[in-house]
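A look at the structure
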Protein chains: 2
Amino acid sequence: MSYTYKYPKPSVTVDCVVFGLDDAQKLKVLLIQRGIAPYQNKWALPGGFIGLDESIATAAARELKEETGIDKVFLEQLYTFGEVDRDPRDRIITVAYYALINIGEYVVKARTDAKNAKWFSVEELPPLAFDHDRIFSVAKERLKGKLRYQPIGFELLPSKFTLTQLQRLYETVLEQKLDKRNFRSKILKMKLLVDLEEMQAGVSHRPAKLYQFDKKRYQELEQKEFNFEI
Amino acid sequence: MSYTYKYPKPSVTVDCVVFGLDDAQKLKVLLIQRGIAPYQNKWALPGGFIGLDESIATAAARELKEETGIDKVFLEQLYTFGEVDRDPRDRIITVAYYALINIGEYVVKARTDAKNAKWFSVEELPPLAFDHDRIFSVAKERLKGKLRYQPIGFELLPSKFTLTQLQRLYETVLEQKLDKRNFRSKILKMKLLVDLEEMQAGVSHRPAKLYQFDKKRYQELEQKEFNFEI
DNA sequence: GCAAAAGTGTTCTAGTTACACCCATGC
DNA sequence: GCATGGGTGTAACTAGAACACTTTTGC
């Protein structure tokens, strides 16, 4: 089967920058090792071609699932990259997405075109295929910029978390120290966290209270011109 | 001539949301009237297909020039729209851009596929072709959100402007009244405006001082973690 | 001299920053 | 009992909000 058009067309792909936090609250990104040329064996962002019968966001979610097993996560469009020479084969435009996931919830598995899938610390990335290092750095900036003004950090944590975990997450992503007392009073004043009246377990020090993000309440407040800000 | 591929491909276009301010400091958007089907005679955003030998941003600038005569303006990627049914002909993905221009500098002229080009007040838009009303509203929100944190408003004004003009621009786009004294001291404190020591002419009241935005200085300050904010 | 917009400071309020000690748990 | 992180309030400072009158020009 083949397809013929009157004018030449670029191909269109999606690529996903998947962020996660490990146990030590380090920021990680999920890469796949390419099983096929070009850039065979090189590390790259998971992604692939957009089908004619699926929207771009659907394609991003599908590719993520196919290549890494990850499903039903925060996924948002980042930017579209379309330099003429960004792919050696052909003219390929890619719509990049970024995803935020709680690493603990998934065991990543390489599938289809990927011979391997692995979490890398954002500070020690291997050289990436195509212009994926550029895409990654745009994603990192977006995450950093958006974290303060939108409650997206919770996507990186388990549904029950401690205030210290939350603060570490902010410190890691924003790359700056925050004051413990100021951080806590600011976040609690927003009334977006539910105190679960439950304690952290299995730690060899005073256990911390567990909280949960109240998404429903945030959506209500959002209507009334409430602005999240840390 | 025709082109054959192993897999079917979507087409890729660019569309531009061009904002301008008229003499009465009203926000306007530039639309073209389509000369060809589909949506013949309907108003639409200027745009067209991406060539294989040009980047997306280049294509956006080229289409803008071809269809309206506008050249060398602030042009930034907005979002990529790719719902399956957004174009009745075929699967078409569009990378939307938004442009900010000083209306006074250009006389818009319809060319190529456009039978007409015209400025519309953003409050009284006609029904638009395709999903262009959605694209427009995303652009308007982006402009509104970005205006406070990036010095992009100056792109909408002539290079020499008064503080009142600048304030009106902010009030128009943000859809809120601002306090004259607070606005002035805030913007002047940033030291980004050059006092041209020149007066507004041809007005039947006390003439205002003219200022110019110091882009070079802004770029320097930007390096040093300076943040523009109104 | 009047209409129209330009220009200019101060006070009050709210929010942000800086800062240090006691507490609960596991080993 | 000691090591580890959890939890808590106040004072000083800074930034933002509210607010009214005089000046200059054209007609």
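Procedures and definitions
All residue numbers refer to positions counted from 1 along the written sequence of the respective chain. Both sets of labels track the order of writing: A upward for chains, 1 upward for ligands. Per-residue local features of the predicted model are confined to residues with pLDDT of at least 70, and side-chain atom pairs are confined, for both listing and counting, to 80 or more; whole-chain, interface and lining totals are unaffected and use all residues. To obtain the side-chain values, all non-hydrogen atoms of the structure were included, while hydrogens and water were left out. The copies were overlaid by least squares, fitting only the C-alpha atoms of residues that reach a pLDDT of 70 or more in each copy. Note on definitions: a residue-residue contact is assigned when non-hydrogen atoms from the two residues lie within 4.5 Å. For the domains described, the bounds stem from an automatic or database domain assignment. A quick way to say it: buried area is the sum, across both parts, of accessible area lost when two parts are put together, with a 1.4 Å probe. We count a salt bridge whenever a side-chain nitrogen from Lys or Arg sits within 4 Å of a carboxyl oxygen from Asp or Glu. Whether a residue is near a molecule or strand depends on its heavy atoms: if one lies within 4 Å, it is near. Identification of polar contacts relies on pairs of N or O atoms within 3.5 Å, with a donor-acceptor requirement for protein atoms, meaning one able to donate a hydrogen and the other able to accept it, and with residues adjacent in sequence counted only if both atoms are side-chain atoms. Secondary structure elements are defined from DSSP: runs of H or I of at least 4 residues count as helices, runs of E of at least 2 residues count as strands, and each element is numbered from the N terminus. Polar here means any residue other than Ala, Val, Leu, Ile, Met, Phe, Trp, Tyr, Cys and Pro, which are nonpolar, and Asp, Glu, Lys and Arg, which are charged; Gly is therefore polar.

1. Some thoughts on the relation of the copies chain A and chain B
Rotating chain A by 180° about the axis while translating it 0.0 Å along that axis superimposes it on chain B, leaving an RMSD of 0.0 Å. On the angle and the small slide along the axis, the relation comes out as a two-fold axis. No C-alpha of chain A lies nearer the rotation axis than that of Thr4(A), which sits 2.1 Å from it. A high fraction, 100%, of the interface residues of chain A reappear at the interface in chain B, so the copies pair face to face through one surface.

2. So, the domain arrangement of chain A
Buried accessible area, meaning the area lost when the parts come together, often serves as the stated size of an interface. All names here are of chain A. Segmenting chain A into domains produces domain 1 (11–147) and domain 2 (158–223). Placing a centre on the C-alpha atoms of domain 1 and another on those of domain 2 gives a separation of 28 Å. Every contact between the two is made by nine residues of domain 1 and, on the other side, nine residues of domain 2. When domain 1 packs against domain 2, close to 890 Å² is buried across both sides, 64% of that on carbon and sulfur atoms. Sorting the residues of domain 1 by area buried against domain 2 places Gln-25, Lys-144 and Leu-147 first, and these three jointly supply 65% of that buried surface. There are one salt bridge connecting domain 1 and domain 2. For Lys-144, the salt bridge goes to Glu-175, with nearest N and O atoms at 2.9 Å.

3. As for the protein's contact with DNA strand C
In the vicinity of DNA strand C, 17 residues are found, and the nearest of them are Pro207(A), Thr164(B), Lys180(B), Arg181(B) and Lys209(B). Taking the atoms of DNA strand C that fall within 4 Å of the protein, sugar and phosphate contribute 40% of them. Within the side chain of Asn182(A), a nitrogen or oxygen atom sits 3.1 Å from a base nitrogen of DNA strand C. Within the side chain of Arg184(B), one N or O atom sits 3.2 Å away from a phosphate oxygen of DNA strand C.

4. Concerning the protein's contact with DNA strand D
Not every one of the 17 residues close to DNA strand D is listed here, only the nearest: Thr164(A), Lys180(A), His205(A), Lys209(A) and Arg206(B). Among the atoms of DNA strand D close to the protein, meaning within 4 Å, 40% are from sugar or phosphate groups. Interatomic distance of 3.3 Å between a side-chain N/O atom of Arg181(B) and a base nitrogen of DNA strand D. Note that a base oxygen of DNA strand D is positioned 2.8 Å from one of the side-chain N or O atoms of Arg206(B). Among the elements of the structure, helix 4 (180–189) of chain A together with helix 4 (180–189) of chain B are those that each provide at least two residues to the surface near DNA strand D. Here the surface near DNA strand D gets three residues from one element, more than from any other, and that element is helix 4 of chain A. Looking at the surface near DNA strand D residue by residue, the classes come out as four nonpolar, five polar and eight charged.

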